[in-house]
Amino acid sequence: MLEVTRETNSSFQFMKEACTVMPGGVTANIKFFSPYPLVMKRADQAYLTDLDGNQYIDYLLSYSALILGHGHPKIAEAIQKQIENSGTWLFGTPHQLEVDFGKMIQHFYPSIELLRYTNSGTEATLLALRFASAYTGKYKVAKFEGHYHGGHNQVLFSINPDIGEAGPFKEPNVVPDSKGLSKQDGQQTIILPFNDLEASEEILRKHCDEIGALVLEPVQGGFIPAEQRFIEGIRQLTKELGIVLIFDEVKTGFRVSLGGAQEVYGIKPDLTTLGKVIGGGFPIGIVGGKKEILMESAPVEESNGKELSSKDVLFHSGTYNGHPMILAAGMETVKVLEKEIDHVFQMTDILRKALESLFFNKGIDMQTLGIGSMFNIALTDRDIYNYRDYQKSNFELRKRIDMALLDKGVYTKPLNRYSLSTCHGEEEIAKTVEAYRKVLMEI
Ligand code: PMP
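Keep in mind the model is a prediction, meaning the values are calculated, not measured.

Novice: What is the right way to read the layout of surface pockets from this model?
Specialist: It is the rolling of a water-molecule-sized probe over the atoms that shows where space remains empty. One number sums up the size of the second largest pocket: a volume of about 710 Å³. Every residue lining the second largest pocket is counted, 27 residues in all, and those nearest its centre are Pro-94, Glu-98, Leu-115, Arg-116 and Tyr-117. When residues of the lining of the second largest pocket are traced back to their parent elements, those giving at least two are helix H4 (96–108) and strand S4 (114–118). The leading source of residues in the lining of the second largest pocket is H4, at 5 residues.

Novice: Would you mind going over the packing of helix H7 (residues 197–207) against helix H8 (residues 228–241) with me for this structure?
Specialist: Any two packed helices are characterised by the angle at which their axes cross and by the distance between the axes. Contact geometry for H7 and H8: axes closest at 10 Å, N-to-C directions at 15°. Here H7 lies roughly parallel to H8, going by the angle between them. Both H7 and H8 take part in a crossing whose hand is right-handed. Each of Leu-197, Glu-198, Ser-200, Glu-201, Leu-204 and Arg-205 in H7 lies in contact with H8, whose residues at this interface are Arg-229, Phe-230, Gly-233, Ile-234, Leu-237, Glu-240 and Leu-241. For the contact of H7 with H8, the class distribution of residues is 6 nonpolar, 2 polar and 5 charged.

Novice: Teacher, can you tell me more about the packing of aromatic side chains here?
Specialist: Centre distance and the angle of the planes are the two values used to describe a pair of aromatic rings. Counted according to the given criterion, the structure contains 13 aromatic pairs. Cluster of aromatic residues (ring-pair linked, three or more members): Tyr-59, Phe-375 and Tyr-418. Cation over ring: Arg-6 sits above Tyr-56, and NZ or CZ is 5.0 Å from the ring centre.

Novice: Explain the side chain of Asp-185 here, please?
Specialist: Mapped onto the elements of the fold, Asp-185 is located in helix H6 (residues 183–187). Summary of buried charges: Asp-185 has no salt-bridge partner, and the nearest side chain of opposite charge, Lys-140, is 12 Å away. Reaching out from Asp-185, the side chain makes a polar contact with the side chain of Asn-153 at a distance of 3.2 Å. Asp-185 has contacts with Asn-153 and Phe-157, leaving out every residue within four places of it along the chain.

Novice: Where do I start with the nonpolar core in this structure?
Specialist: As a rule of thumb, nonpolar side chains are buried together in soluble globular proteins. In terms of nonpolar packing, the biggest core is built from 34 residues, with Phe-144, Leu-192, Leu-204, Leu-214, Leu-216, Ile-234 and Tyr-265 touching the most fellow members. Broken down by secondary-structure element, the contributors of at least two residues to this core are strand S5 (140–144), strand S6 (189–192), H7, strand S7 (211–216), H8, strand S10 (244–248), helix H9 (260–265) and strand S14 (374–378). Top element by residues in this core is H8. It accounts for 5 residues. Contact partners of Leu-216, with chain neighbours within four places excluded, come to Phe-144, His-147, His-149, Phe-194, Ile-231, Leu-245, Ile-246, Phe-247 and Asp-248.

Novice: Help me understand the site of the ligand in this model?
Specialist: Lining the immediate surroundings of the ligand are Ser-120, Gly-121, Thr-122, Tyr-148, His-149, Gly-150, Glu-217, Asp-248, Val-250, Lys-251 and Lys-276. One nitrogen or oxygen atom from the side chain of Lys-251 is found 2.9 Å from an oxygen atom belonging to the ligand. At a separation of 2.9 Å, a nitrogen atom of the ligand approaches a polar side-chain atom of Lys-276. For the ligand, whose accessible area on its own is 390 Å², the fraction buried by protein is 81%. A per-class count over the shell around the ligand returns 2 nonpolar, 5 polar and 4 charged.

Novice: Just checking my understanding: could you explain the sheet that holds S14 for this structure?
Specialist: Strand order in the open sheet made by the 3 strands is S13-S14-S16, with antiparallel pairing throughout. Every interior strand has two partners, whereas the edge strands, strand S13 (367–369) and strand S16 (418–419), have only one. One ladder, built from 3 bridges, connects S13 with S14; its direction is antiparallel. What sits directly across from Gln-367, in S14, is Ala-378.

Novice: Can you walk me through the sheet that holds strand S12 (residues 285–289) in this structure?
Specialist: Hydrogen bonding along the main chain pairs the strands of a sheet, whether they run parallel or antiparallel. Read from one edge to the other, the open sheet built from 7 strands follows the order S4-S12-S11-S10-S7-S5-S6, with strand pairing classed as mixed. Two strands lie at the open edges of the sheet, namely S4 and S6, each paired on one side alone. Taking each pair of neighbouring strands and ignoring which way they run, the sheet shows an average axis angle of 20°. The sheet contact formed by strand S11 (residues 271–274) and S12 spans 4 bridges and is antiparallel. Paired with Leu-271 across the bridge in S12 is Gly-289. Its contacts with the sheet place H4 against S4, S11 and S12, and it is angled at close to 120° to S4.

Basis of the calculations
Residue positions within a chain follow its written sequence, with the count starting from 1. Totals for whole chains, interfaces and linings use every residue, but because this is a predicted model, local features are given only for residues with pLDDT of at least 70 and side-chain atom pairs only at 80 or more, for both listing and counting. Where side-chain values are given, they derive from all heavy atoms of the structure, hydrogens and water being excluded. With a 1 Å grid laid over protein atoms only, a set of points is called a cavity when a 1.4 Å probe fits there but cannot get out and a pocket when it is open yet has protein on both sides within 12 Å along at least five of seven lines; lining residues have an atom within 4 Å of a point. Grid points are joined across faces, edges and corners, and a volume is the space filled by probe spheres set on the points. Numbering of helices and strands starts at the N terminus; helices are DSSP runs of H or I of at least 4 residues and strands are runs of E of at least 2. Angular values range over 0 to 180 degrees, each being the angle between N-to-C directions of two axes fitted as lines to C-alpha atoms, with helices fitted over their stretch in contact. An angle counts as roughly parallel when it lies under 35 degrees, as roughly antiparallel when it exceeds 145, as roughly perpendicular when it falls between 65 and 115, and as oblique in every other case. For any pair of crossing helices, the crossing counts as left-handed if the nearer helix is rotated counterclockwise from the farther one by less than a right angle, and right-handed if it is rotated clockwise. We call two residues contacting when some pair of their heavy atoms lies within 4.5 Å. Each residue gets one of three labels, nonpolar for Ala, Val, Leu, Ile, Met, Phe, Trp, Tyr, Cys and Pro, charged for Asp, Glu, Lys and Arg, and polar for the others, Gly among them. Two aromatic rings, drawn from Phe, Tyr or Trp (for Trp, its six-membered ring), form a pair once their centres lie within 6.5 Å of each other, and the interplanar angle then sorts them: stacked below 30 degrees, edge-to-face above 60, tilted otherwise. Cation placement over rings: the criterion is NZ of Lys or CZ of Arg within 6 Å of the ring centroid and within 35° of the ring normal. Think of it in three bands: residues with accessible area under 20% of the maximum for their type are buried, residues over 50% are exposed, and the middle band is partly exposed, with areas taken using a 1.4 Å probe on protein chains only. A residue counts as positive if it is Lys or Arg and as negative if it is Asp or Glu; His and the chain ends are not included. Each salt bridge in this description consists of a side-chain nitrogen of Lys or Arg and a carboxyl oxygen of Asp or Glu lying within 4 Å of one another. We define a polar contact as two N or O atoms separated by no more than 3.5 Å, with the added condition that, inside protein, one atom must be a possible hydrogen donor and the other a possible acceptor, whereas residues neighbouring each other in sequence contribute only through side-chain atom pairs. The nonpolar core is taken to be a set of buried Ala, Val, Leu, Ile, Met, Phe, Trp, Tyr and Cys residues, with the residues joined through side-chain atoms within 4.5 Å. Near is defined per residue: the residue qualifies when any heavy atom it owns lies within 4 Å of the molecule or strand. Per-residue accessibility takes into account occlusion by the displayed protein chains alone, with areas from the Shrake-Rupley method and a 1.4 Å probe. By definition, two strands form a pair when at least two bridges between them are found by DSSP.

Following this line, the structure appears as structure tokens:
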């Protein structure tokens, strides 16, 4: 029997009050979990502290964004300097950092010839799809079952479908992930089975005259990698069929490797979306890729500098795009990461192996999945290539373990993946493994 020892009543009381202000007490549904989410009041490096003063090693890291951990002094300094040197936090005009930051991104992501800044990953994927439509004149999007690309209508389908509604694996149904989506929204989206090249090819060929973009998470959910043969096949196929291939690297960018999943796989997508890590914990997104696609948004003709009318240009705007403070934070993040990413990979590896060995010794089927600085735990001995395989793992036991780990000071949102930071060292790994050891004994 698992024993709950930690006092978390302040979080419970807080959530009751929060419900009088925000629906369900949260301002992002992902922040909620039953019976009530833990509410934090402080954070430092690899640690979170809740309202009752309990400390947790943070493996959620704001859904992978905080790769330098909490409150890194170099980021604080970079922001401060940026404000001091420029006298403002927002110019509302072009400025130097937009170019410097962009060059840094081009360096790590050679597929990105030109780019535009947005304020979130959601905005980035939304814009990427518009680029694809402007460029191809085709308006449907193909996405994979189980892949998340932000909260806009066209991609809010079949992210987490009920298996009963999901249809045949090789030709999945289009299942809404939200209320408020119209039938017409669903008709603009086509769902493909991840890591099944032959079935995906059949669907793509059938609808190639309507599909402008194929968007995917090269590592699904940040932990189920595409197979090399599969992703190479998808690259070839999209080229042949005139479909813009978008790698959504909002999670994987600077996390599976500095150059993202495209570097790991050695593949150049047509467009890439980035977010999370590159803002150093502040809101940002990027769409980048082939010049001829990105030029759809240029307000002037390249050859003669003549201003174009709005109907001839892809609309992209935003008060905060290319925010100097955020770009300064992101630049500093990448600078530190260049020196320390190997440490993050090494710690991730050590933690994965230690956990695998604990579960093995306990006789519980378990595997860790992922690349680089993120991984997830699947309680099954079956191979996992896609959403449906993962659904067959033991979520009920995993949830019990995750709840018990919260009680022992290891934080991730139950069932979420693990992300590590430059602040996760041997001490944190040892404490985590010890917490797991105790939980597995009690379970
Ligand atoms: N794409 C992917 C792959 C993501 O993981 C996320 C965020 N989890 C998004 C897009 C949306 O990014 P944001 O939350 O910044 O809007």
